[in-house]
Amino acid sequence: MTIPAVILNTINGCEAPAESGDVLSKRNPHDGSEICTFARSRTGDVEAAIAASCAAQPGWADLTPVRRGDILRDVALALRDRQEEVAAIVALETGKCPRDALGETGGAVELGMFMAGEGRRLYGRTTTSAVPNKSAMTIRGPVGVAGLIIAANTPIANVAWKVFPALICGNTAVLKAAEDTPATAWAFSRIAADAGLPPGVLNVVHGLGPEAGGPLVAHPAVDLISFTGSTEVGRRIAALAGQRLARVSLELGGKNPLVVCDDADMEKAVEWTLLSAFSNAGQRCAAASRIIIFDAIYDAFCERLIERTRKLTLGPTDQNDLGPVINLKQLERMVAVVSRANDNGATILTGGSRLLDSEHRDGFYMAPTLIEKAGPRSEISTHELFGPVACLYRVKGFRQALAMANDSPYGLTACIHTASLHRAQVFTQKVEAGAVVVNAGTYGSEPHMPFGGPKHSGNGWREPGTEALDVYSELKDVYINVDPKAL
Ligand code: NAD
């Protein structure tokens, strides 16, 4: 697939420019060059996409869930057939290496296959009634039109994560693509249309959050908003959608702890810490950014971690360990927070700045950064940076580690490295997180598992897994009364 010079919106099966004709520039994070431009949509464009979704929704909902599943399976298989091409677009837009982009595309296919299968399940519940000759059950129906707003960090997975569950439940959708990854959303909608998804079932608008996402959230015909992004924007969306009592599912940020106990396998703990903190250049909601280490092994662990971190190489190829961050604004924000932390007494052990050597200076590269002696309530300890920056904290033992892990506004993922069943079990029970891992990394969930977290990491919903069906469907109680005299 060749990325067009201008990426247009997809509305009712047709590609259309923004009403104003305005475009925005998409830059390559690796070298700052322009990859393409894309439509700068505003209210009128969003309204056209919503109108197309409203018109298509009854017909889509009238298909049996099995038929919808058949069509979505065709979309997932078409995505699989073209996964090398899609991965190339993902890699170009994000600066991540082709191997990671391909893995992410494979995950999107898996999610599509899983959700297509839900067409044959979409279970309700049958149960008893207290009243003679009466039966009770629940059935699922669509919510209506879904507004889907996503982040750019894993662009094809983020599209799949929302579109497949929304559509299998009989909703139609308007996807507000992430402004940093317009081409991936465009490629998905092209593939879906070619694979037989009817026009109007999935509409895609491009543009900036307040200009294109805002009108989607505010529109009375949009029955449900599912948002993946920052806590700050999530809060704004919840307030706006709350005024009209629209359903809102928020998948937000994290400041995730990884605890290394004195009985941990040191080599494995170092390896998993590197991956948890720095893979995808730390641009993962699940990334570990607070590394909590027992006093007894702190010095030895840090020494190895710093040594390994300094050896990481940055670039866009499979030979590199991590790529650039997504845009200049994000890079500059991160550098500023690190610098303020340093001014306030934290120590930068390695990294801490933008890479300005000839190989990296045109791109948005942040050196993998380790920091110690940051206060647990300081800005850098409590604000998600969404980049390759992790803080190290020294604790006396398990109880202090658990307390520090939980001392956060967020609660998305958590991890512990220990040989002790007792520590592992108590940690998994007591840590305030939606996903907890023993002896590996802070990673997101598999397609068939629910993901999300308490506190400022979300608003209680879980996507994907079968739990996503609760986000995207409306439950209805059905009572059937039988008259024995009419038999
Ligand atoms: P962001 O909140 O700035 O933007 C996310 C999306 O929201 C973009 O499409 C943007 O255009 C849109 N948006 C921005 N302002 C808006 C507004 N006022 N109204 C409607 N839409 C608006 O986030 P980001 O920096 O692009 O992404 C990083 C964030 O996403 C991190 O906080 C990360 O943790 C989070 N994230 C969470 C998950 C999860 O599953 N919990 C997964 C991936 C990323």
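Check the entry above for the structure.
Since we're looking at a predicted model, the values are computed, not measured.

Conventions adopted
Residues numbered from 1 in each chain as written. Predicted model: local features only at pLDDT ≥ 70, side-chain atom pairs only at ≥ 80, totals over all residues. Heavy atoms only, no water. Pairing = 2+ DSSP bridges. Helix = DSSP H or I, 4+ residues; strand = E, 2+ residues; numbered from the N terminus. Axes fitted to C-alpha atoms, helices over the stretch in contact; angles between N-to-C directions. Contact = heavy atoms within 4.5 Å. Buried < 20%, exposed > 50% of the residue type's maximum accessible area, 1.4 Å probe, protein only. Right-handed = clockwise from strand over helix to strand, strands pointing away. Parallel < 35°, antiparallel > 145°, perpendicular 65-115°, else oblique. Left-handed = near helix turned anticlockwise from the far one by under 90°. Salt bridge = Lys/Arg side-chain N within 4 Å of Asp/Glu carboxyl O.

A. Expanded view of the sheet that holds strand E13 (residues 256-260). Ordered in space as E15-E16-E17-E14-E13-E18-E19, the 7 strands form an open sheet in which the pairing is mixed. Either end of the sheet is taken by a strand with one partner, and the two such strands are strand E15 (347-350) and strand E19 (435-438). Neighbour-to-neighbour, the strand axes of this sheet turn through a mean angle of 25°, independent of strand direction. Bridging between strand E14 (residues 288-294) and strand E17 (residues 389-395) involves 5 bridges; their strand directions are parallel. Within E17, the residue paired with Phe294 across the bridge is Val395. In the packing of helix H9 (residues 266-278) onto the sheet, contacts are made with E13, E14, strand E16 (369-372), E17 and strand E18 (413-417), and the angle to E13 comes to roughly 170°.

B. Quick look at the pairing of E19. Side chains Ala435 and Val437 project from E19 onto a buried face, and the interleaved Val436 and Val438 project onto a face without burial. In the sheet, E18 pairs with E19 via 4 bridges, with the strands oriented parallel. Paired with Ala414 across the bridge in E19 is Val436. Each parallel crossover has a hand, and for E18 linked through helix H14 (residues 421-430) to E19 it is right-handed.

C. Quick peek at unusual backbone geometry. The omega torsion across Glu463 and Pro464 is -10°, close enough to zero to call that bond cis. Structurally, the position occupied by Pro464 is in the loop between E19 and helix H15 (468-472). Although it is not a glycine, Asn133 adopts a positive phi angle of roughly 65°. Mapped onto the secondary structure, Asn133 falls in the loop between strand E6 (125-127) and strand E7 (134-142). A positive phi angle is found at Lys455, which is not glycine, with a value near 55°. With respect to the helices, strands and loops of the structure, Lys455 is situated in the loop between E19 and H15.

D. Region of interest: the packing of helix H5 (residues 155-168) against helix H6 (residues 182-194). Taken N-terminus to C-terminus, the directions of H5 and H6 make an angle of 45°; their axes are 9 Å apart at the nearest point. Classified by the angle between their axes, H5 and H6 sit oblique to one another. The crossing of H5 and H6 is right-handed. In this structure, H5 contributes Pro155, Ile156, Val159, Val163 and Phe164 to the contact, and H6 contributes Thr184, Ala185 and Phe188.

E. Just the sheet that holds strand E1 (residues 6-7), in detail. With respect to topology, 3 strands assemble into an open sheet ordered E1-E5-E4, the strand pairing being mixed. The open sheet terminates on both sides in strands that have one partner only, identified here as E1 and strand E4 (23-27). Sheet topology note: the E4/strand E5 (residues 34-39) ladder contains 5 bridges and is antiparallel. When the bridges of E5 are listed, Leu24 appears paired with Phe38.

F. Representation of the pattern of salt bridges in the model. Evaluated as defined, the whole model comprises 28 salt bridges. With its nearest N and O atoms 3.2 Å apart, the salt bridge here joins Asp299 to Arg394. Linking Asp299 in helix H10 (residues 295-311) with Arg394 in strand E17, this pair joins segments that are 95 residues apart in sequence. Looking at Asp299, the relative accessible area reads 51%, which means it is exposed. On the basis of relative accessibility, which here comes to 42%, the residue Arg394 falls in the partly exposed class.

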